[in-house]
Amino acid sequence: MAEVLEGKIQDLLAQRSELADRLENLEKLKAETNQRVYKRIRGDYDEKLQNILAQINDQRGTLEKKVEELKKSIDEKESLHTTKSDLVDELQMRARLKEYDENDAEFKKELNEAKKQRNDIADELESLRSELADLNKVLKDVDVATVEGGTAASTPEVEEEIEEPAAEAAEIEEIEDLELEEDLELEEADTEEGVKCPSCGHTNPPQKLFCEECGSSLDEEEDLDEDFDLIDDDLDL
């Protein structure tokens, strides 16, 4: 039964892997594909993938049930094996204590029968444990396939298309805010460093030598020097 179940599960896993590869290749060809065609193929593959995952999950429940049955059988066989092993040891010990004649035909028959039962149970245990290991491996593959398949079946590209414009808008808005702040800082700096005209009071850029409004000289020291020169000339006269 386990072999049949494992074969069916492995077949489903192979189908899932094939669809996952096709979806991956489809994404690589998205830019070269008509969007209507892309969406139709994508929808077809997604539907098939979900169907396969549903079958895997159905079989997973059956496998889990089988695993529980195997564990129960193994526990029972281990207990029986312990009983038969103890019987063999007991018969051999009683023979060493001379309670039984180890050459007696009846004793030999009983001892050999106990050994055979013990060995047969050991073989059954080995088979059950191997089957359990195989089923656990398949269950692990199913878990991985379900997680990977669920990821593959989603549409991350659509989510990115929705999120990216919002991110870009936020980034653009942040850049514009920074540029506005820089402009304001430059304006404030220009205002603070400007030269006020002594004649009309107009604030001029710091590099100006003459007022933009009235044309007066912005060099106050020069004006003062000229005034002092005139006074000196009058005194000399």
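All of the points below concern the structure found in this document. (Residues numbered from 1 in each chain as written. Predicted model: local features only at pLDDT ≥ 70, side-chain atom pairs only at ≥ 80, totals over all residues. Heavy atoms only, no water.)

For the protein chain, the count of helices and strands is five helices and two strands. Put simply, 61% of the contacts in the protein chain that link residues at least 6 apart link residues at least 24 apart. Split by element, the accessible area of the protein chain, about 17000 Å² in all, is 49% carbon and sulfur. (Helix = DSSP H or I, 4+ residues; strand = E, 2+ residues; numbered from the N terminus. Contact = heavy atoms within 4.5 Å. Areas by Shrake-Rupley, 256 points an atom, 1.4 Å probe, with all protein chains shown as cover.)

Here the idea is simple: oppositely charged side chains can pair when their charged atoms come close. Within the structure shown, the criterion is met by eleven salt bridges. One connected set of salt bridges, linked through shared partners, spans Glu 27, Arg 42 and Asp 46. (Salt bridge = Lys/Arg side-chain N within 4 Å of Asp/Glu carboxyl O.)

For helix H2 (residues 35–96), spanning 62 residues, the distance from its first C-alpha to its last is 87 Å, which sits close to the expected 92 Å at 1.5 Å a residue. Backbone nitrogen of Arg 36 and a side-chain oxygen of the N-cap are separated by 2.8 Å at the start of H2; the cap is Asn 34. Lys 98 sits one or two residues past H2 and shows a positive phi near 70 degrees. (Expected span 1.5 Å × (residues − 1). Polar contact = N/O pair within 3.5 Å; in protein donor to acceptor, adjacent residues only side chain to side chain.)

Bringing the environment of Glu 27 into the picture now. Relative to the helices and strands, Glu 27 resides in helix H1 (residues 2–28). Sequence separation of Glu 27 and Arg 42 is 15 residues, and the distance between their C-alpha atoms is 9.0 Å. Within the structure, the side chain of Glu 27 is placed 2.4 Å from the side chain of Arg 42, a separation counted as a polar contact.

Quick look at the environment of Val 195 now. Secondary-structure assignment places Val 195 in strand E1 (residues 195–196). You can call Val 195 partly exposed: its relative accessible area is 25%. The sequence separation of Val 195 and Pro 205 amounts to ten residues, and the corresponding C-alpha distance is 6.1 Å. (Buried < 20%, exposed > 50% of the residue type's maximum accessible area, 1.4 Å probe, protein only.)

Attention now moves to unusual backbone geometry. Negative phi is the rule for most residues except glycine; trans is the rule for most peptide bonds. Non-glycine residue Lys 98 carries a positive phi angle of around 70 degrees. Within the secondary structure, Lys 98 sits in the loop between H2 and helix H3 (105–153). Among the residues examined, Lys 98 registers a relative accessible area of 71% and is labelled exposed.

It is worth spelling out the nonpolar core at this point. Of all hydrophobic cores here, the largest spans 22 residues; its most connected members are Ile 9, Ile 56 and Leu 63. For this core, the secondary structure elements donating two or more residues are H1, H2 and H3. With nine residues, the single largest contributor to this core is H2. With sequence-adjacent residues up to four places away left out, Ile 56 is seen in contact with Ile 9, Leu 12, Leu 13, Val 142, Ala 145 and Thr 146. Core analysis: the second largest hydrophobic core is formed by six residues, Ala 95, Phe 107, Leu 111 and Ala 114 among them. (Core = buried A, V, L, I, M, F, W, Y, C linked by side-chain atoms within 4.5 Å.)

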